[in-house]
Amino acid sequence: MSTLTTKMNRSLHFVHRFDWRQNIIYVGFVVVFILFAVLLNDSGFTSANNLLNIARQTATISIMAVAMTFVIATAEIDLSIGSVAGLSSVVSALAMSSYGLVPGILAGLLVGLVVGAVNGGLVAWLKVPSFLVTLGMLGLIVGVARWITASAPVPIADATFIQIFGGGNVGAIPSLLIWAVVIVALGAVVMNKTKFGRQVRATGGNTQAAMFTGVNTARIKFYVLLLSGLVAAIAGMLYAGRLQSGRFQWGTGDELSVIAAVILGGTSLFGGRGAIIGSLFGALFIGLVNNGLILAGLEVSQQQVVRGAIIIVAVALSSKKASS
């Protein structure tokens, strides 16, 4: 009897200590998965091909969510991340068609580095709010991408590029998923196990206190926005490789899904906390919802309503976490 009582007390202690708000994404993911599995069983929701398709479709969002986690953990935001992906895809495609594979890849990465450096410099040292900087950059980049392509797609025929950047497989595993796993793993290690990750969280948690302890908060903010631009460029090339063309439309609207994934994953919108694995599950959760709604026969407009509701819930949860 005493053994049973001890086990019950331990279970109650775990339930009492379990932070439901902090782990809501994992609970929500399981609940929604079970719900769709029951309701859409006849539609093949739980088939291996469909689950792999969900993972493939959310891979680029997951990759960008890693960078956005670092940005939001410093209490900043990057609204230009989706448009950088689009510009990187077209610049990479144009450079590749004229100069070859390596220059094409370098040109795509350079786009992200330049945009990230400009965003970071304006925010870190000129103290311009990141919301305004990246909102303006979003419009500027979309305009440039449309201008240099005349709004037309730029086809990509390089088989090596397609194989590496999302269009090929390594054995039975899509290369797109390998990119996602590697970047998520690197992001988690850097955030949780390195001095840089601690300084990122300290900068977002209390900038003045971080400065007093020797953290160069301006440099940290510059680096996270530079990282965001670079990762967005990689995501853009992954779009280009998987879809075999560069288009300014690639990445359009992704910034909303990325931010929602990060906030749902447990990163505070007000800085000081970053959860890379949570962001991954946030992205998968959004992909799960989108896939389920499509199989359920909902129209695009109805899917947009649900995605908007997810973002509102994410911000509400973030506000509760900040006040708790």
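Residues numbered from 1 in each chain as written. Predicted model: local features only at pLDDT ≥ 70, side-chain atom pairs only at ≥ 80, totals over all residues. Heavy atoms only, no water.

As annotated in an unreviewed UniProt entry, the protein chain carries the name ABC transporter permease and is attributed to Cryobacterium roopkundense. You can read under Subcellular location (unreviewed entry) in the UniProt record for the protein chain the words "Cell membrane". (UniProt positions renumbered as here; feature names shortened; annotations may be inferred.)

## Details of the packing of aromatic side chains
Going through the model one piece at a time under the given rule, you end up with 10 aromatic pairs. Plain terms: the ring middles of F36 and F45 are 5.6 Å apart, the flat faces sit at 55° to each other, and that makes the pair tilted. F45 gets classed as buried once you look at its relative accessible area, which sits at 0%. Seen in terms of ring centroids, F165 and W179 are 5.4 Å apart; in terms of plane orientation they differ by 20°. Their pairing is stacked. Note that F165 is positioned in helix 7 (residues 159-167) and W179 in helix 8 (residues 175-193), a separation of 14 residues in sequence. Of the residues examined, W179 reaches a relative accessible area of 24% and is grouped as partly exposed. (Phe/Tyr/Trp six-rings, centres within 6.5 Å; stacked < 30°, edge-to-face > 60°. Buried < 20%, exposed > 50% of the residue type's maximum accessible area, 1.4 Å probe, protein only. Helix = DSSP H or I, 4+ residues; strand = E, 2+ residues; numbered from the N terminus.)

## Section: the pattern of salt bridges
Under the defined criterion, the tally for this structure stands at 1 salt bridge. Measuring nitrogen to oxygen at the nearest pair gives 2.8 Å for the salt bridge that ties E76 to K221. Residue E76 is found in the loop between helix 3 (48-73) and helix 4 (81-99), and its partner K221 is found in helix 11 (residues 217-243); the two are separated by 145 residues along the sequence. (Salt bridge = Lys/Arg side-chain N within 4 Å of Asp/Glu carboxyl O.)

## Some thoughts on the environment of R201
With respect to the helices, strands and loops of the structure, R201 is situated in helix 9 (residues 195-205). For the pair formed by R201 and I220, sequence separation is 19 residues and the distance between their alpha carbons is 10.0 Å. Reaching out from R201, the side chain makes a polar contact with the backbone oxygen of M191 at a distance of 2.3 Å. (Polar contact = N/O pair within 3.5 Å; in protein donor to acceptor, adjacent residues only side chain to side chain.)

## Topic: the layout of surface pockets
The gaps of empty space that remain are located by a probe, the size of a water molecule, rolled over the atoms. What the second largest pocket holds in volume is close to 160 Å³. In terms of lining, the second largest pocket is formed by V66, A67, F70, I183, L186, G187, V190, L227, L230, V231 and I234. Taken together, the elements giving at least two residues each to the lining of the second largest pocket come down to helix 3, helix 8 and helix 11. For the lining of the second largest pocket, the per-class residue count stands at 10 nonpolar, 1 polar and no charged. (1 Å grid on protein atoms, 1.4 Å probe; cavity = no way out; pocket = protein on both sides within 12 Å on 5 of 7 lines; lining within 4 Å. Points joined across faces, edges and corners; volume = space filled by probe spheres on them. Nonpolar A, V, L, I, M, F, W, Y, C, P; charged D, E, K, R; others polar.)

## Details of the nonpolar core
Membership of the largest hydrophobic core comes to 80 residues, with the highest contact counts inside it found for M68, F161 and F285. Sorting elements by how many residues they give to this core places helix 3 first, with 13 residues. Those residues within four positions of M68 in sequence are excluded, and the remaining contacts are D78, I81, V258, I259 and V262. (Core = buried A, V, L, I, M, F, W, Y, C linked by side-chain atoms within 4.5 Å. Contact = heavy atoms within 4.5 Å.)

## A look at the packing of helix 4 against helix 11
Across the interface, helix 4 lies against helix 11 with an axial gap of 7 Å and an inter-helix angle of 55°. Considering the angle they form, helix 4 stands oblique to helix 11. The interaxial crossing formed by helix 4 with helix 11 has right-handed handedness. Contacts from I81, V84, A85, S88, S89 and S92 of helix 4 reach helix 11 at S228, G229, A232, A233, A235, G236, M237 and A240. (Axes fitted to C-alpha atoms, helices over the stretch in contact; angles between N-to-C directions. Parallel < 35°, antiparallel > 145°, perpendicular 65-115°, else oblique. Left-handed = near helix turned anticlockwise from the far one by under 90°.)

## Concerning unusual backbone geometry
A positive phi is found at S151, a non-glycine position, where the angle reads about 65°. Here S151 shows up in the loop between helix 6 (130-149) and strand 1 (154-155). Of note in the backbone geometry, Q244 takes a positive phi value of approximately 55° without being a glycine. Within the element layout of this structure, Q244 appears in the loop between helix 11 and strand 4 (245-246). Overall, Q244 belongs to the partly exposed group, its relative accessible area being 42%.

## Observations regarding the packing of helix 12 (residues 254-264) against helix 13 (residues 276-295)
Helix 13 packs onto helix 12 with a crossing angle of 125° between their chain directions and a minimal axis gap of 7 Å. On the basis of the axis angle, helix 12 is oblique to helix 13. Crossing angle aside, the handedness with which helix 12 passes helix 13 is right-handed. Contacts from S257, A260, A261, V262 and L264 in helix 12 reach G278, S279, G282, A283, F285 and I286 in helix 13. Per-class residue counts for the contact of helix 12 with helix 13 are 7 nonpolar, 4 polar and no charged.

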